[in-house]
Amino acid sequence: MQNQLSNIQVVLCNTSHPGNIGSAARAMKTMGITTLTLVAPLVQPDDHSLALSCNAKDVITNCRIVDSLEQAIADNHLVIAMTGRKREFNERIATPKEITPEILTAIANQEKVSLVFGNEQNGLTIEQLEKCNRLVTIPGNPEYFSLNLAQAVQIVCYEIYSNYNPNLEHLKTELRRATAQDIEHLLKRLDNLLDHSSFYTARNQTWVQRRLQNILHKAQLNREEADQLHGDFNNLREKIQV
């Protein structure tokens, strides 16, 4: 995956705020894309850029700065212009989701892909758009649609990254499943509590126990949860003086 994503570069044209460079770098790296090119930035990356990039400072320090879009995309095969404005050739416009299969095919074939974003205030110029061979927009509320640069970068990069079925195992807490013996112990303690609290006076003890057993099995308790219930039962036992 990472080898393929290295074939994608994010190109920011005429960026006017250093913070947007840092935020865009952070958005990129969280989605596994680390190649950044700045085309004639109105401001240079600075300490503010690095601060907003958090742990993506390497994306900024390794970024390429060029004078023109032609230089940035010279060796690229698929050049995607990101725009939110009505353009003359919008009949061929696509969403990030629609363009992603073509991007994935290109990078799998080791072809270079550029995601080109314009200036924060005015977007891409007509001349810059003409250098690109695809036109993409992020759909939103037509009555109010205003994404900042980093948000737009994040959405497009996520659309690409999500197709790799990212593994979330590193975020999951390792849990030990409760054993059949654990469940049996819980049932016995609960049965004892219910018996001493006169719960069974008007109820069938066998039927109640079967229902409780079914509930505990469906709950698929882990050991920590079972321990929690044992602690709760201890508190109840003290309250009713079993």
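Not measured: the values here are computed from a predicted model.

**What to know about the side chain of Asn-119**
Next up, step 1: Relative to the assigned elements, Asn-119 resides in the loop between β5 (113-117) and α7 (126-130).
Next up, step 2: Residue Asn-119 is classed as buried on the basis of its relative accessible area, which comes to 10%.
Next up, step 3: A distance of 2.8 Å separates the side chain of Asn-119 from the backbone nitrogen of Gln-121, its partner in a polar contact.
Next up, step 4: Within the structure, Asn-119 has its side chain in polar contact with the backbone nitrogen of Asn-122 (distance 3.2 Å).
Next up, step 5: Setting aside chain neighbours within four positions, we find Asn-119 in contact with Cys-13, Asn-14, Ser-16, Leu-42 and Leu-124.

**Some points on helix α2 (residues 18-30)**
Next up, step 1: Compared with an ideal rise of 1.5 Å per residue, which puts 13 residues at 18 Å, α2 spans 19 Å between its outermost C-alpha atoms and is within 8% of the ideal.
Next up, step 2: Buried within α2 we find Pro-18, Gly-19, Asn-20, Ile-21, Gly-22, Ala-24, Ala-25, Ala-27 and Met-28.
Next up, step 3: Of the surrounding elements, those touching the buried residues of α2 are β1 (8-13), β2 (35-39), α3 (47-53), α4 (57-61) and α8 (149-161).
Next up, step 4: Where α2 ends, the next residue or the one after it, Gly-32, has phi of about 80°, a positive value.

**Considerations on the environment of Thr-37**
Next up, step 1: Structurally, Thr-37 is set in strand β2.
Next up, step 2: On the accessibility criterion, Thr-37 (1% relative accessible area) is buried.
Next up, step 3: Between the C-alpha atoms of Thr-37 and Leu-69, which are 32 residues apart in sequence, the distance is 9.5 Å.
Next up, step 4: Beyond its immediate stretch of four places on either side in the chain, Thr-37 contacts Gln-9, Val-10, Val-11, Leu-12, Arg-64, Val-66 and Ala-72.

**Focus on the pairing of β1**
Next up, step 1: Of all six residues that make up β1, six are buried, and the element is covered over most of its length.
Next up, step 2: Going residue by residue along β1, you find Ile-8, Val-10 and Leu-12 tucked away on one face and Gln-9, Val-11 and Cys-13 tucked away on the opposite face as well.
Next up, step 3: With five bridges joining them, β1 and β5 adopt parallel strand pairing. Bridging from a neighbouring strand, Gln-9 pairs with Ser-114 of β5.
Next up, step 4: Inspection of the sheet shows β1 paired to β2 by five bridges, in the parallel sense. Among the inter-strand pairings, Val-10 is bridged to a residue of β2, identified as Leu-36.

Quick notes on the rules
Residues numbered from 1 in each chain as written. Predicted model: local features only at pLDDT ≥ 70, side-chain atom pairs only at ≥ 80, totals over all residues. Heavy atoms only, no water. Helix = DSSP H or I, 4+ residues; strand = E, 2+ residues; numbered from the N terminus. Buried < 20%, exposed > 50% of the residue type's maximum accessible area, 1.4 Å probe, protein only. Polar contact = N/O pair within 3.5 Å; in protein donor to acceptor, adjacent residues only side chain to side chain. Contact = heavy atoms within 4.5 Å. Expected span 1.5 Å × (residues − 1). Pairing = 2+ DSSP bridges.

The analysis is restricted to geometry; functional conclusions fall outside its scope.
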